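Chain by chain, the residues:
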Amino acid sequence: MIVSVLRVRAAEMSVRVYYTTVTGSREVKSQQSEVTRVMDGKGIKYEMIDIAQNSSLKEEMRTKSGNPQALPPQIFNGEQHCGGYEDFVEAVETSDVRKFLKLD
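- The name given to the protein chain in an unreviewed UniProt entry is SH3 domain-binding glutamic acid-rich-like protein 3, with the source organism recorded as Scyliorhinus torazame.
- According to its UniProt record, the protein chain has this under Sequence similarities (unreviewed entry): "Belongs to the SH3BGR family."
- Per its UniProt entry, the protein chain bears the Function (unreviewed entry) comment "Could act as a modulator of glutaredoxin biological activity. May play a role in cytoskeleton organization."

Right under this line is the structure:
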């Protein structure tokens, strides 16, 4: 029992959200806020990575997501790309957030 709890906690620690603190887009700001609000509400631990801090982080996000045009927020579990905002919203609507985040 303890082993599975530790495994879940370790998996949750690897959830990463690439976001930006520098954007003129209200839509991007709103999407980023919604992602963090939902994950906080569900008690899911995650790491925020601000692509505005270093241009290489934006390229890393785009490379890892497989989309050279990807915009934040982009969500990963470890090196696995879970999806962007639209995918996240779909998972919330179908109550599959943990599955979307590859935690189950």
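On we go.
### What to know about the overall build of the protein chain
- Tallying secondary structure elements over the protein chain gives 5 helices and 4 strands in all.
- Overall, the protein chain shows an N-to-C arrangement of helices and strands of α-β-α-β-α-β-β-α-α.
- Counting over 104 residues, the protein chain shows a buried share of 38%.
- Counting only contacts in the protein chain whose residues sit at least 6 apart along the sequence, the fraction spanning at least 24 positions is 62%.
- For the protein chain, the accessible surface area stands at approximately 6400 Å², while carbon and sulfur atoms represent 49% of it.

### Let's talk about the environment of threonine 36
- Here threonine 36 is to be found in helix H2 (residues 26–41).
- Put simply, threonine 36 and methionine 48 are 12 residues apart on the chain and 9.1 Å apart in space, counted from C-alpha to C-alpha.
- If we ignore the near neighbours within four places in the chain, the residues touching threonine 36 are Tyr46 and Met48.

### Quick word on unusual backbone geometry
- In the segment running from proline 72 into proline 73, the intervening peptide bond is cis, with an omega of 0 degrees.
- Relative to the elements of secondary structure, proline 73 occurs in the loop between helix H3 (55–65) and strand S3 (74–77).
- Phi angles above zero are rare outside glycine, and serine 95 is one such case at about 60 degrees.
- Phi angles above zero are rare outside glycine, and lysine 102 is one such case at about 60 degrees.

### Some points on a negative patch on the surface
- A cluster of acidic side chains, namely Glu27, Glu86, Asp87, Glu90 and Glu93, defines a negative patch on the protein surface.
- The greatest single-element share of the negative patch, amounting to 4 residues, is contributed by helix H4 (residues 85–93).
- Tracing the backbone through its elements, the reader meets glutamate 90 in helix H4.

Calculation notes
Residues numbered from 1 in each chain as written. Predicted model: local features only at pLDDT ≥ 70, side-chain atom pairs only at ≥ 80, totals over all residues. Heavy atoms only, no water. UniProt positions renumbered as here; feature names shortened; annotations may be inferred. Helix = DSSP H or I, 4+ residues; strand = E, 2+ residues; numbered from the N terminus. Buried < 20%, exposed > 50% of the residue type's maximum accessible area, 1.4 Å probe, protein only. Contact = heavy atoms within 4.5 Å. Areas by Shrake-Rupley, 256 points an atom, 1.4 Å probe, with all protein chains shown as cover. Patch = residues over 30% accessible without salt bridge, like charges linked within 9 Å, V, L, I, M, F, W, Y side chains within 5 Å. Salt bridge = Lys/Arg side-chain N within 4 Å of Asp/Glu carboxyl O. Lys, Arg positive; Asp, Glu negative; His and termini not counted. Charge placed at Lys NZ, Arg CZ, Asp CG, Glu CD.

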